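# Per-entry structural report
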Amino acid sequence: MEQGRPGMLKPAIVSGAILGALSGLPGFDLFNCCTCCSLAVGAGFLASYLYSRESIRRGASFEAGLGAAVGAIAGVFWGIASAIVSTVVQLAFGNMAMEWLMPFLEDNPSMPPEVLDRLRQALEEGVSASSVVLEIVVALVLGTAFATIGGLIGGAVFKVAPSAPPAPRVE
Amino acid sequence: MDRHALGSWVTPRRLLWMTAALAALWSAGAFLIPMLESRGALSLAISDALRLPYRPVCHQIPARCLDVYGHEAAVCARCAGLYLGGTAGLILAAALHGRLRTPARMWLAIAVAPTVLDFVAGVIAGVGLPEMARLVVTLPAGFVLALFLGEGVADLPRAIRKAIDTHPSRTSSVPTST
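Fair warning: this is a prediction, and the values are worked out from it, not measured in the lab.

Here is what the cut-offs are and how they apply
- Residues numbered from 1 in each chain as written.
- Chains lettered and ligands numbered in written order.
- Predicted model: local features only at pLDDT ≥ 70, side-chain atom pairs only at ≥ 80, totals over all residues.
- Heavy atoms only, no water.
- Helix = DSSP H or I, 4+ residues; strand = E, 2+ residues; numbered from the N terminus.
- Buried < 20%, exposed > 50% of the residue type's maximum accessible area, 1.4 Å probe, protein only.
- Phe/Tyr/Trp six-rings, centres within 6.5 Å; stacked < 30°, edge-to-face > 60°.
- Core = buried A, V, L, I, M, F, W, Y, C linked by side-chain atoms within 4.5 Å.
- Polar contact = N/O pair within 3.5 Å; in protein donor to acceptor, adjacent residues only side chain to side chain.
- Contact = heavy atoms within 4.5 Å.

## Points about unusual backbone geometry
All names here are of chain B.
- One non-glycine residue, Gln60, lies in positive phi territory at about 60°.
- Counting through the fold element by element, Gln60 comes out in the loop between helix H3 (44-51) and strand E1 (65-68).
- Given the relative accessible area of 15%, Gln60 is considered buried.
- Of note, the phi angle at Tyr69 is positive, near 50°, even though the residue is not glycine.
- Tracing the backbone through its elements, the reader meets Tyr69 in the loop between E1 and strand E2 (71-76).

## Focus on the packing of aromatic side chains
Residue and element names in this part refer to chain A.
- Within the structure shown, the criterion is met by five aromatic pairs over all chains.
- Summarising the aromatic geometry, the rings of Tyr51 and Phe62 are spaced 5.0 Å apart at their centres and angled 65° between planes, so their arrangement reads as edge-to-face. Separated by 11 residues along the polypeptide, Tyr51 in helix H3 (residues 38-58) and Phe62 in the loop between H3 and helix H4 (66-93) bring together distant segments of the chain.
- According to the relative accessible area criterion, Tyr51 is buried, its value standing at 0%.
- One aromatic cluster in this structure is built from Phe45, Tyr49 and Phe158.

## Focus on the nonpolar core
- Trp78 of chain A together with Phe31 and Val75 of chain B are the most contacted members of the largest nonpolar core, which totals 29 residues.
- At the level of secondary structure, the elements contributing two or more residues to this core comprise H3, H4 and helix H7 (129-157) of chain A together with helix H2 (12-38), E1, E2 and helix H4 (77-95) of chain B.
- Within the second largest apolar cluster, 24 residues are counted, among which are Ala156 of chain A together with Ala93, Phe148 and Leu156 of chain B.

## Considering the side chain of Thr87 of chain A
All names here are of chain A.
- Note on placement: Thr87 falls in helix H4.
- Within polar-contact distance, the side chain of Thr87 engages the backbone oxygen of Ala83 at 2.6 Å.
- Every residue in contact with Thr87, bar those within four places of it in the chain, is listed here: Val127, Val132 and Glu135.

## As for the environment of Gly85 of chain B
All names here are of chain B.
- When you line up the elements, Gly85 lands in helix H4.
- Between the C-alpha atom of Gly85 and that of Ser27, which follows or precedes it by 58 residues, the distance is 9.7 Å.
- The contacts of Gly85, once residues within four sequence positions are left out, are Leu139, Gly142 and Phe143.

Structure representation (structure tokens):
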């Protein structure tokens with residue numbers, strides 16, 4: 001029997017914060033640029049999974065469409081966590097991923113010189129207030145959009161059918 | 001159009017077709033941009049502006065993008081495969097809405113496994129498939145993910161209506177007889 005829907009905030013914060021923090025770390029950010037924001041999609045997917053588990057525990061239903069809401073909330077937390085961790089890492093260590101990647105890009109003959117110049121310039125500029133604001137906005141928009149998609153996919157994968165009402169007692 | 005009329009117009013099938021159309025537009029754009037560039041139809045500024053929306057979601061490294069009439073596609077081969085497979089999956093979900101059963105979870109794992117293997121091999125061993133093979137390998141992942149996405153999208157109108165109907169501000173406004 002249904003005991004009421006579980007709250008969406010807890011699964012959204014857990015999945016959004018964990019995967020968002022991961023995607024802000026050097027190396028893990030490759031998942032975003034090389035596999036279509038898979039960590040943001042994954043945040044929505046994981047939030048749907050956690051919400052589905054909680055729904056089962058409470059005997060509540062979880063329909064595929066509801067995954068959009070769980071995913072969207074997870075995306076907001078993904079964006080915030082990703083932007084915070086990425087900024088802290090850049091302030092502490094500089095843009096390690098770009099510094100590591102630059103020699104490979106410079107050796108690549110198909111890399112357009114204007115793109116290389118833009119990358120060098122961004123590397124020299126480092127972290128500024130405007131770059132942080134831009135990073136937060138981009139992370140929030142991307143995180144919400146892709147985590148909503150992940151939440152919808154997760155909703156379809158982990159949906160929980162409404163439990164049948166108790167059978168009437170036969171005397 | 002009032003809210004109720006809009007609500008009844010947005011049926012699951014229509015929403016699926018709209019999503020499929022958006023996906024088709026997004027996927028086609030990745031290949032149309034280099035095609036138009038090859039014909040000299042785009043100035044550098046317009047070409048840059050059209051490629052901009054794809055930048056946050058793809059590295060766009062030229063060597064990893066498919067060659068379209070001598071110009072690189074707006075996204076890498078892996079993204080292109082995901083988009084094309086996804087568009088096909090959404091079109092199928094829209095066309096067969098109500099008749100298509102969502103695949104079992106096992107198919108999701110099977111479809112995504114080659115893409116994951118290719119990515120892991122690239123990161124760990126630095127080896128990877130050629131661009132066209134990479135596109136082909138990611139097609140099933142996009143396709144099966146889109147079938148699941150289609151089910152979620154089709155359920156959205158019902159979920160939104162249910163959320164509105166059960167919202168406390170709506171339920172508390174119902175007059176009660178004393």
